[in-house]
Amino acid sequence: MRDDFRKGTGLGPDPGVTILAVAALSMLMAAGLSPAHAQIPDEFKNLQVLPKDIKKAELVGMMRGFAGDLGVRCTHCHVGEEGKPLSTYDFASDEKTPKKVGREMIRMTRDINGKYLANIDTGRKTKLEVSCATCHHGLSRPDRLEDLLMSLADEQDAAAALVRYKELREKYLGGYQYDFGPGPLNALATHLADVGKMPDAVKVAEYNFQLNPERPSSTCPWPISTFGPGSGTGPS
């Protein structure tokens, strides 16, 4: 415990306050609650897709699931200030577009699972179901990496696309947000070749080979063996 626990008093930690705080936190945890959970209203307004009588614990669990699947915080959908108590948030407000989109995504997921996947006989005992994470993989906008790279190459150039690729790789490698195998870069190289930018396509293909020397892909527009150290075609 820090010595300035009672900041502004000139005193050290108050054992009584510390014990009470720990006891309160323990009671919340024993009840399956968290401090954030306790800040959320007990009555919910403007529920249009979720059941009107949904339990607080169930609703909080769903919201946490959405946030994790999209890699966002409460303020992505709800009106409130990051860092402020959740009791200050206007959860009933429909001001933010992502909240309205979220309702449609819930309806879509229910239809996919209930109307379509539930009626497909796969021969397996466990039925397949989709969730937000099936597409989003921890991203608020579930774009494929190759689509992002090709759009950026068209809007700017291949160099900008490679810079963005390296930034995303640095941030997300090891996660499940993007595919950093050879496929997306092969797709970018093929696209560049198709639009007549062969020198840029070669640079991307060589860079791909540098990252994935043991994983050649059949989607590469040229024999992968032609790219390697010393070829002089790739980025420095």
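Our subject is the structure listed above.
Residues numbered from 1 in each chain as written. Predicted model: local features only at pLDDT ≥ 70, side-chain atom pairs only at ≥ 80, totals over all residues. Heavy atoms only, no water.

### Focus: unusual backbone geometry
- Phi is positive for N46, which is not a glycine, with a value near 65°.
- You will see that H137, though not glycine, has its phi angle at about 50°, which is positive.
- Looking at where H137 falls in the secondary structure, it is placed in the loop between α5 (132–136) and α6 (145–155).
- Exposure remark for H137: the relative accessible area of 29% places this residue in the partly exposed category. (Helix = DSSP H or I, 4+ residues; strand = E, 2+ residues; numbered from the N terminus. Buried < 20%, exposed > 50% of the residue type's maximum accessible area, 1.4 Å probe, protein only.)

### Brief notes about the nonpolar core
- Core analysis: the biggest nonpolar cluster contains 23 residues, and L185 and L188 have the highest contact counts within it.
- Elements that contribute at least two residues to this core include exactly α6, α7 (158–172), α8 (182–194) and α9 (198–211).
- Examining the composition of this core, we find that 7 residues originate from one element, α7, more than from any other.
- Among all residues touching L188, those that are not within four sequence positions of it are L149, M150, A153, A161 and V204.
- Formed by 6 residues, the second largest nonpolar core is a distinct cluster that contains L47, V49, L50 and I54. (Core = buried A, V, L, I, M, F, W, Y, C linked by side-chain atoms within 4.5 Å. Contact = heavy atoms within 4.5 Å.)

### So, helix α3 (residues 56–70)
- Relative to the 21 Å expected for 15 residues at 1.5 Å per residue, α3 spans 21 Å between its end C-alpha atoms, a close match to the ideal helical length.
- When α3 is considered as a whole, its buried residues turn out to be K56, L59, V60, D69 and L70.
- Taken from the residues just after α3, G71 is the one with a positive phi, measuring 65°. (Expected span 1.5 Å × (residues − 1).)

### Considering the packing of aromatic side chains
- For the structure shown, the criterion picks out 5 aromatic pairs.
- Seen in terms of ring centroids, Y165 and Y207 are 6.1 Å apart; in terms of plane orientation they differ by 85°. Their pairing is edge-to-face. Here Y165, found in helix α7, pairs with Y207, found in helix α9; they are 42 residues apart in sequence, far enough to count as distant. For the pair Y165 and Y207, one class covers both residues: buried.
- Pairing Y178 with F180 gives two aromatic rings, centres 6.2 Å apart and planes at 70°, and the pair type is edge-to-face. Each member of the pair, Y178 as well as F180, is classed as buried.
- Grouped by ring-pair contacts, the aromatic residues Y165, Y172, Y178, F180 and Y207 constitute a single cluster.
- Looking at K166, its charged tip hangs above the ring of Y207, at a distance of 5.1 Å from the centre. (Phe/Tyr/Trp six-rings, centres within 6.5 Å; stacked < 30°, edge-to-face > 60°. Lys NZ or Arg CZ within 6 Å of the ring centre and 35° of its normal.)

Interpretation in functional terms is not warranted from these geometric data alone.
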